[in-house]
Amino acid sequence: MKKISAVLFSILSFAEIFAGNADGQKVYSVKIDGQISSPQTYIVKRAVRTANADGAKMLVVDLDTPGGDLGSTVEIMETLKNFGGKTVCYVNPNAISAGSLIAAACDEIYFAPNGIMGAAEAVDASGGDIAESMRRKITSYLGAKVRSHNLDNPRRAAVQRAMNDPNFELKIGGRTIKPKGELLSLTAKEAAEIVDGSPLLSNGTAKSVGEIAAVKSLKNPTITELKITWSERAAKYISAVSPVLMGIGFLLIFVDIKSGGFGLFGGIGVGALLVVFIGANMCGLAGHEEVLVFLLGAALVALEIFLLQGFVIPALAGAALMIGSLAWALGGIWTTRNFEYNFGNFADGLAQVVLGLLLALAMLAALWKFLPKCAFAKKLVLETPRDKPAIPSADIGKTGTALTDLMPSGRAAVGGKTLEVVAEFGHIRAGEKIEIVGKKDFNFTVRKVD
């Protein structure tokens, strides 16, 4: 019986090994480039989740960055801890400033032949010097953070400290690698140099992610590059110009308010701020871009309703985006598939949306016909009292002159008084003759007099 069990165990073990070789050991790689900011944190989180779900043995962070936001950098460092396999940073070609911290948080570091890593002293958002006391706090914190990721590799923690602390002197085996008063930066050759019996920093130099997998002697490796979605790419670009967009947005809002109303320019300013907000959060919708499109459409409709009454274009564009996003969601469109594949799915989803609109119109027609006959109709339908005028104002019909551009709101001179007015439709230029046609809340509704 024992012999039979041993034979069966051997057969199962051999089958498991054969199956493992057939399937191959999975390697995932993700490209992180540009300034480190919140979009990159979402990309790394998605990479870790995807690689873990697929049982990958290795996650390669293909890094090329000049640095970036410290908060996002620390978040990426913590995220990499959640990967179940081995994390590898591929310095391809730059891991400068915050990039060196991300590299130090990985289990291993490989350089491209032209790779450079270092120059990681803390600076402010504009790249200038920060107060000495704050710099000491940041340097101390970052040093402890790197050490916590390299408990079994104190040399790497010391080398990274030499990259961000100019007052630290790096000595290894009696050799001064970096004197005080400087920051350390290493080329691929320098990082691989043998110092006191082992490489100074890197685990090797490689020309590609595939070469790293070969060096690690993985069995029949299958390499999957995580594709960056269009929303993640857009978020990176928006993040890079966010300060400019915010400046333009605040300026337009201020100018519009000072001009005597809130119209087109104010709406554009609000839109610019909305783009900044969406850009900072849209990466969280990676894989659910249809939700982002729907929210954008809803924002355009809201812009028309609350700020640009009568402008029409935002409402039409918003409605089109909302309908398109619903067709996208119902059609189950994959953003990674080609147009021919997705067109049929989109048509199916659009057909369902059109059917829903037709049903809504049919129900509306039924309500329109039968609702007045219902006992509770008067509770739902607001009627204008017959004994009171629909527009309770003695100023209705008076004419005057627009003092500011009405897009749609602004000021006008009527009967020797300056009034806050709103254009009934479209845009009325300053100096044009207007007529009061109604009153809503505290503003008069006017129209252009030809």
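Refer to the structure above for everything that follows.
If you're wondering where the values come from, they're calculated on a predicted model, not measured in any experiment.

K.L.:
Looking at this structure, how should I read the overall build of the chain?
P.N.:
Broken down by element type, the chain carries 15 helices and 17 strands. When each of the 450 residues of the chain is scored for burial, the buried share is 38%. Relative to all contacts within the chain whose residues are 6 or more apart in sequence, the contacts with residues 24 or more apart total 59%.

K.L.:
In this structure, what is going on with the side chain of R156? I would like to understand it.
P.N.:
Counting through the fold element by element, R156 comes out in helix α6 (residues 154-164). Only 3.1 Å separates the side chain of R156 from the side chain of N150, close enough to count as a polar contact. Beyond its immediate sequence surroundings of up to four residues, R156 is in contact with A103, A104, C106, D107, E108, I109, N150, L201 and N203.

K.L.:
How do you make sense of the nonpolar core when you look at a structure like this?
P.N.:
Side chains that are nonpolar tend, in soluble globular proteins, to be buried together. The biggest cluster of nonpolar side chains holds 51 residues, and the ones touching the most others in it are L59, L80, M117 and L201. Other than its neighbours up to four places away in sequence, L80 contacts V44, L59, V61, T87, I102, A105 and C106.

K.L.:
Looking at this structure, I do not really get helix α2 (residues 38-53). What am I missing?
P.N.:
In an α-helix, one turn spans 3.6 residues, which is why side chains three or four residues apart end up on the same side. Between the first and last C-alpha of α2 there are 23 Å, a value that for 16 residues agrees with the 22 Å anticipated at 1.5 Å per step. By the burial criterion, the buried members of α2 are P39, Q40, T41, I43, V44, R46, A47, V48 and A51. The positive-phi residue at the C-terminal boundary of α2 is G55, with phi of around 70 degrees.

K.L.:
Got a minute to help me understand the environment of D69 in this structure?
P.N.:
Relative to the helices and strands, D69 resides in the loop between β2 (58-65) and α3 (70-80). Apart from the residues lying within four places of it in its own chain, the contact partners of D69 are I36 and S37. A distance of 2.7 Å separates polar atoms of two side chains, one belonging to D69 and the other to S72.

K.L.:
Looking at this model, I keep getting lost on the pattern of salt bridges. Mind explaining?
P.N.:
Pairs may arise between side chains of opposite charge once their charged atoms sit close together. By the definition in use, this model includes 14 salt bridges. Here D62 ties to K31 by a salt bridge, and the two come within 3.2 Å at their closest N and O atoms. Of this pair, D62 sits in strand β2 while K31 is found in strand β1 (residues 26-33), placing the two residues 31 residues apart along the sequence. Classification of D62 by relative accessible area gives buried; the value is 13%. On the accessibility criterion, K31 (22% relative accessible area) is partly exposed. A salt bridge links K45 to E75; the shortest N-O distance between them is 2.5 Å.

The rules behind the values
- Residues numbered from 1 in each chain as written.
- Predicted model: local features only at pLDDT ≥ 70, side-chain atom pairs only at ≥ 80, totals over all residues.
- Heavy atoms only, no water.
- Helix = DSSP H or I, 4+ residues; strand = E, 2+ residues; numbered from the N terminus.
- Buried < 20%, exposed > 50% of the residue type's maximum accessible area, 1.4 Å probe, protein only.
- Contact = heavy atoms within 4.5 Å.
- Polar contact = N/O pair within 3.5 Å; in protein donor to acceptor, adjacent residues only side chain to side chain.
- Core = buried A, V, L, I, M, F, W, Y, C linked by side-chain atoms within 4.5 Å.
- Expected span 1.5 Å × (residues − 1).
- Salt bridge = Lys/Arg side-chain N within 4 Å of Asp/Glu carboxyl O.

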